[in-house]
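Working through the structure, step by step
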Amino acid sequence: MPIPSTQKAVVVEQVGGPEVLQYRTDYPVPTPGEGQVLVKNTLSGINFIDTYFRIGLYPSPKPEVLGREGTGVIVALGPDLEKHDFKVGDRVVWLGNAGYAEYTAAPVAQMMKLPDGLSDVDAVGSYLSGLTALALTEEAYRVEPGDWVLLHAAAGSTGILMTQILKTLGAKVIGTAGGPEKVAFVKSLGADHVIDYRSEAGKNWVDEVKRLTNQEGVDVVYDSVGEETWEGDREVAKRKGTIVWFGNASGPVPPLPLK
Ligand SMILES: NC(=O)c1ccc[n+]([C@@H]2O[C@H](COP(=O)([O-])OP(=O)(O)OC[C@H]3O[C@@H](n4cnc5c(N)ncnc54)[C@H](OP(=O)(O)O)[C@@H]3O)[C@@H](O)[C@H]2O)c1
C-alpha cells in the first residue's frame, strides 16, 4: 500500500477549549526519524493528558497533533532501524506524540509488538494507563497486602486498572467517584468502600476516610484530581504515610508550603 503525502489529523494551532481542535484532511504524513517507525494507526488513545497540552497547562509547540498513544501497523522504518527488532507489517502499540492522525512517526523505544490474541482495543486501553498504574503501585509507593489505600477518580480509565491491581496486591481500597453509577461500577471492580465525592454526604470524604480507617488514616493516597482534593489528602494520610499526586483533572496542586 503506497504511503500518501497527506492525511486526516486533528490539529491544535493555539491553546484553548475543545473548540481549538481542527479536523484536517491535508496534514503532512511525517517521515520517521532516527529511532522511529511510521505507524498506520488503527486506534488512537485519548487520555486526560491530551487536555493539558490543549489548554497549555503542559507547554508544547503549536501547531500540534494531540494524542500520546496508539495501535497500528508499521508501514516504514526510520534510518537506523536495522539494529532494532521491528519490521514493516508488525502490529504494535506505541507511546509518543501526534496520535490523533492516520499516520504517526513513533519511537521504537516506547513500542511493543502485539501478540496474536491481544486486540488493538485491549492494547490501547491498557498501555499508557496500565504502565501508569504499575509505576504508581510498584515504584512511587510499593503497595503491600493489608495497606489502606485511598484512590481518587477510581472510575476513570487509570482508576479502573488501579482498583483491580490494588485488590490483586491485597490492599484495602477506598475509592472516590462522581455519581451513583460510577460508585456501583467501582464496587463491582472489587473496591472495599466507594465514596461518591460529588454527593452531599460524600463532600465530607475526609471524615469518612478517617472513620473507615479507625481515625488512623491510609498508608497511601493516589490523587489525580489535584486542586479539589489535595488539601484533604494531607488530613487522611496516616503518620509517615504517602501521598502520590499524579494528575490535574480539576486543576493543578498549588505550590506546597512545607510547614
Ligand atoms: N502522571 C502520569 O504519568 C499519568 C498517566 C496517566 C494518567 N494520569 C492522570 O490520571 C488522571 C486520569 O487520567 P485518565 O486518562 O484515566 O482520565 P479519565 O479516564 O478521563 O478519568 C478522569 C477522572 O477524573 C475525575 N475528575 C475529577 N475531577 C474532574 C474534573 N474537574 N474534570 C474532569 N474529570 C474529573 C473523573 O471522575 P469522577 O467523575 O468520578 O470525579 C474522571 O473519571 C488524570 O489526572 C491524568 O492526568 C497521569
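Basis of the calculations
- Residues numbered from 1 in each chain as written.
- Predicted model: local features only at pLDDT ≥ 70, side-chain atom pairs only at ≥ 80, totals over all residues.
- Heavy atoms only, no water.
- Near = heavy atom within 4 Å.
- Polar contact = N/O pair within 3.5 Å; in protein donor to acceptor, adjacent residues only side chain to side chain.
- Areas by Shrake-Rupley, 256 points an atom, 1.4 Å probe, with all protein chains shown as cover.
- 1 Å grid on protein atoms, 1.4 Å probe; cavity = no way out; pocket = protein on both sides within 12 Å on 5 of 7 lines; lining within 4 Å.
- Sits in = over half its atoms within 2 Å of the grid points.
- Helix = DSSP H or I, 4+ residues; strand = E, 2+ residues; numbered from the N terminus.
- Core = buried A, V, L, I, M, F, W, Y, C linked by side-chain atoms within 4.5 Å.
- Buried < 20%, exposed > 50% of the residue type's maximum accessible area, 1.4 Å probe, protein only.
- Contact = heavy atoms within 4.5 Å.
- Phe/Tyr/Trp six-rings, centres within 6.5 Å; stacked < 30°, edge-to-face > 60°.
- Lys NZ or Arg CZ within 6 Å of the ring centre and 35° of its normal.

**Quick notes on the site of the ligand**
Lining the immediate environment of the ligand, one finds 21 residues, of which Y52, S157, G178, K182 and Y197 sit closest. Take F48: an N or O atom from its main chain is 3.2 Å from an oxygen atom of the ligand. N248 has a polar backbone atom sitting 3.4 Å from an oxygen atom of the ligand. Surface burial for the ligand is 74%, taken as the share of its 900 Å² of free accessible area covered by protein chains. When atom positions are compared with the pocket grids, the ligand is found to occupy the largest pocket. For the shell around the ligand, the secondary structure elements donating two or more residues are α1 (48-55), α3 (128-140) and α4 (157-168).

**Describing the nonpolar core**
The nonpolar side chains of soluble globular proteins are, as a tendency, buried together. Counting residues in hydrophobic clusters, the biggest one holds 20 residues, and the most contacted among them are L166, V186 and Y222. Sorting the residues of this core by element identifies α3, β9 (148-151), α4, β10 (172-177), α5 (180-188) and β12 (218-223) as the ones contributing at least two each. Among residues more than four places away in sequence, those in contact with L166 are T137, V143, V149, L151, A171, V173 and Y222. L150, V209, V218 and V236 belong to the second largest nonpolar core, which has 14 residues in total.

**Here we look at the packing of aromatic side chains**
Counting across every chain of the model gives 4 aromatic pairs. The interplanar angle of 80° and the centroid separation of 5.6 Å between the aromatic rings of F53 and Y58 together place this pair among those described as edge-to-face. The class for F53 is buried, based on a relative accessible area of 11%. Cluster of aromatic residues (ring-pair linked, three or more members): F48, Y52, F53 and Y58. Over the face of the ring belonging to F53 we find R68, whose NZ or CZ atom lies 3.7 Å from the ring centre. Positioned above the aromatic ring of F86 is the side chain of K113, whose terminal nitrogen or guanidinium carbon lies 5.9 Å from the ring centre.

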